[in-house]
Amino acid sequence: MLKIYNSLTRQKENFQPIEDGRVRMYVCGMTVYDYCHLGHARVLVVFDVVARYFRHQGYELTYVRNITDIDDKIIQRAAENGEAMGDLTERFIHAMHEDEAALGVNRPDHEPRATENLDGIIEMIQTLEEKGYAYQGENGDVFYAVSRFQDYGRLSGKRTEDLRSGARVAVEEAKRDPLDFVLWKKAKPGEPSWPSPWGDGRPGWHIECSAMSRAHLGKHFDIHGGGMDLKFPHHENEIAQSCAANDSPFVNYWMHNGFVQIDEEKMSKSLGNFFTVREVLKVYAPEVVRMFMLNSHYRSPLNYSTENLDTARAGLERFYTVLREVKPGSAPSQSSYRDRFSEAMNDDFNTPEALAVLFDLAREVNRLRDSGELDQASSHAGLLLELGGVLGILQDDAESFLQGGGGAEGLDAATVEAMIEQRKQARKERDFAEADRIRDELQAQGIVLEDGPEGTKWKRG
């Protein structure tokens, strides 16, 4: 049975969907004012794997991942660039879709944008106001009254008394309490704005997700996910808003992925220590980046280094070498490897352990091939391909991946093929010194030749 670590209860729990056979999942997506960095990519990949596994298990999944297309950073970046806010967000939404496609991330079922859900956002704020959970300050902003919600801090483990004592002395005068947060921001001159009962303005960040998750998944759904940095205050505020407005439980299981780190420090734009997905993909193939992320459990920190990326590339090369040597056939429906894979994934989506099963399976394919059990080797190769697909890897052509070197730079394929042909001709003419020279030159360029009955195959080593 699938167990999920629930951030709300701080323990692994058996997963029981609200509706049998159906899963509803919401994940906080990108704020689109710049290119995605590896921290964003981890969110995309982690919950893509979760979605793939639910569907592999036969669940009917509705997966929603939002887009924040209005906030202070977006407004500021558009002003700095001298472009319309809509043009900026469209450009980076398109770039995000390109990045996720490169990483083998399937699109969610719904991808709502804040600016397209203003009616639902305003309606929810009105409900909160009517129930006494929201008020309009003297500056025109509408705030959520945190003191009215008794369970505030349960997700993050923070106590309101401690939060208040740690708050800045100079509290904004419009707030009644330093913990209160903005639901609706009054428009400043020159800012994008929309009409509302409280005057022209725009939504606060937290209310967007409460309104959009309700619109697509209902008041009460199964899983809410996002990066660990969103646990407080964003997800804490979502709980306060949604439970108060809906008179209903909000989410049964909260999932948070760990940070991507460089030198043990969180990768983030604010710290300026980030790599965009595009920068990394100039050096490493997309599947290598995905494999690098799968090598760590989603809740653990992910340490960015060329060493770890090279390890991921070497692992993929082992899988693809097997798939090149043995043509995948029909995968067996019953297999100890299949059972072990499911056992790993059922333990809170333990992808490192699932990959360990795939490495064992790859070794078994080689053993069966070497012992002449070719049909068995083929069916096990088919299982390797199938289970790899659940993780979103092994989606490339084996020959193309190996000859591409997982993104490694060097001689292009046409040059390598031409040199192999020259070596073949030299061997035919019994000029073994020249054949060896060509082989050594290729090896110096990272090209490994494999001579066999069907001719010479090559890969980047």
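- In the nomenclature of an unreviewed UniProt entry, the chain is known as Cysteine--tRNA ligase of Natronospira elongata.
- According to its UniProt record, the chain has this under Catalytic activity (unreviewed entry): "tRNA(Cys) + L-cysteine + ATP = L-cysteinyl-tRNA(Cys) + AMP + diphosphate".
- We quote the UniProt Subcellular location (unreviewed entry) comment for the chain here in full: "Cytoplasm".

### Section: the overall build of the chain
Part 1 of the reasoning: Check the secondary structure of the chain and you find 16 helices and 15 strands.
Part 2 of the reasoning: Considered along the principal axes of its C-alpha atoms, the chain spans approximately 90 × 50 × 35 Å.
Part 3 of the reasoning: Counting every position in the chain, which comprises 461 residues, the buried fraction comes to 52%.
Part 4 of the reasoning: Sequence-distant contacts, at least 24 apart, represent 74% of the contacts inside the chain between residues at least 6 apart.
Part 5 of the reasoning: If you sum the accessible surface of the chain, you get close to 20900 Å²; carbon and sulfur atoms cover 45% of it.
Part 6 of the reasoning: The centroid of the 55 positive side-chain charges in the chain is displaced by 2 Å from the centroid of its 76 negative side-chain charges.

### Side note on helix α13 (residues 374–390)
Part 1 of the reasoning: When the terminal C-alpha atoms of α13 are compared, their 25 Å separation across 17 residues agrees well with the 24 Å that a helix rising 1.5 Å per residue should span.
Part 2 of the reasoning: Buried residues dominate α13, accounting for 12 of its 17 residues.
Part 3 of the reasoning: The complete set of buried residues in α13 reads Ala 377, Ser 378, Ser 379, His 380, Ala 381, Gly 382, Leu 383, Leu 384, Leu 387, Gly 388, Gly 389 and Val 390.
Part 4 of the reasoning: Buried residues along α13 sit against α1 (38–56), α10 (306–325), α11 (336–346) and α12 (351–370).
Part 5 of the reasoning: Positive backbone phi, at 80°, marks Gly 392, one or two positions downstream of α13.

### Description of the environment of Ala 41
Part 1 of the reasoning: Its location among the elements puts Ala 41 in helix α1.
Part 2 of the reasoning: Residue classification places Ala 41 among the buried residues on the basis of a relative accessible area of 0%.
Part 3 of the reasoning: Put simply, Ala 41 and Val 260 are 219 residues apart on the chain and 9.6 Å apart in space, counted from C-alpha to C-alpha.
Part 4 of the reasoning: Contacts of Ala 41, omitting those with residues within four sequence positions, involve Leu 103, Val 277 and Met 293.

### Comments concerning the UniProt feature "short sequence motif: 'HIGH' region" (unreviewed entry) in the chain
Part 1 of the reasoning: The UniProt record marks residues 30–40 with the feature "short sequence motif: 'HIGH' region" (unreviewed entry), using the residue numbering of this structure.
Part 2 of the reasoning: With 27% helix and 0% strand, the stretch residues 30–40 has end C-alpha atoms that lie 7 Å from each other.

### Side note on the pairing of strand β3 (residues 22–27)
Part 1 of the reasoning: Most of β3 sits inside the fold, with 5 of its 6 residues counted as buried.
Part 2 of the reasoning: Judged from the 6 bridges that link them, β3 and strand β4 (residues 60–65) form a sheet pairing that is parallel. Bridging from a neighbouring strand, Met 25 pairs with Tyr 63 of β4.
Part 3 of the reasoning: At this point the chain moves from β3, through α1, to the parallel β4, and the crossover so formed is right-handed.
Part 4 of the reasoning: Here β3 runs beside strand β9 (residues 221–227); their pairing, made up of 3 bridges, is parallel. The residue bridging Tyr 26 from the neighbouring strand is His 224, located in β9.

Parameters and conventions
Residues numbered from 1 in each chain as written. Predicted model: local features only at pLDDT ≥ 70, side-chain atom pairs only at ≥ 80, totals over all residues. Heavy atoms only, no water. UniProt positions renumbered as here; feature names shortened; annotations may be inferred. Helix = DSSP H or I, 4+ residues; strand = E, 2+ residues; numbered from the N terminus. Buried < 20%, exposed > 50% of the residue type's maximum accessible area, 1.4 Å probe, protein only. Contact = heavy atoms within 4.5 Å. Areas by Shrake-Rupley, 256 points an atom, 1.4 Å probe, with all protein chains shown as cover. Lys, Arg positive; Asp, Glu negative; His and termini not counted. Charge placed at Lys NZ, Arg CZ, Asp CG, Glu CD. Expected span 1.5 Å × (residues − 1). Pairing = 2+ DSSP bridges. Right-handed = clockwise from strand over helix to strand, strands pointing away.

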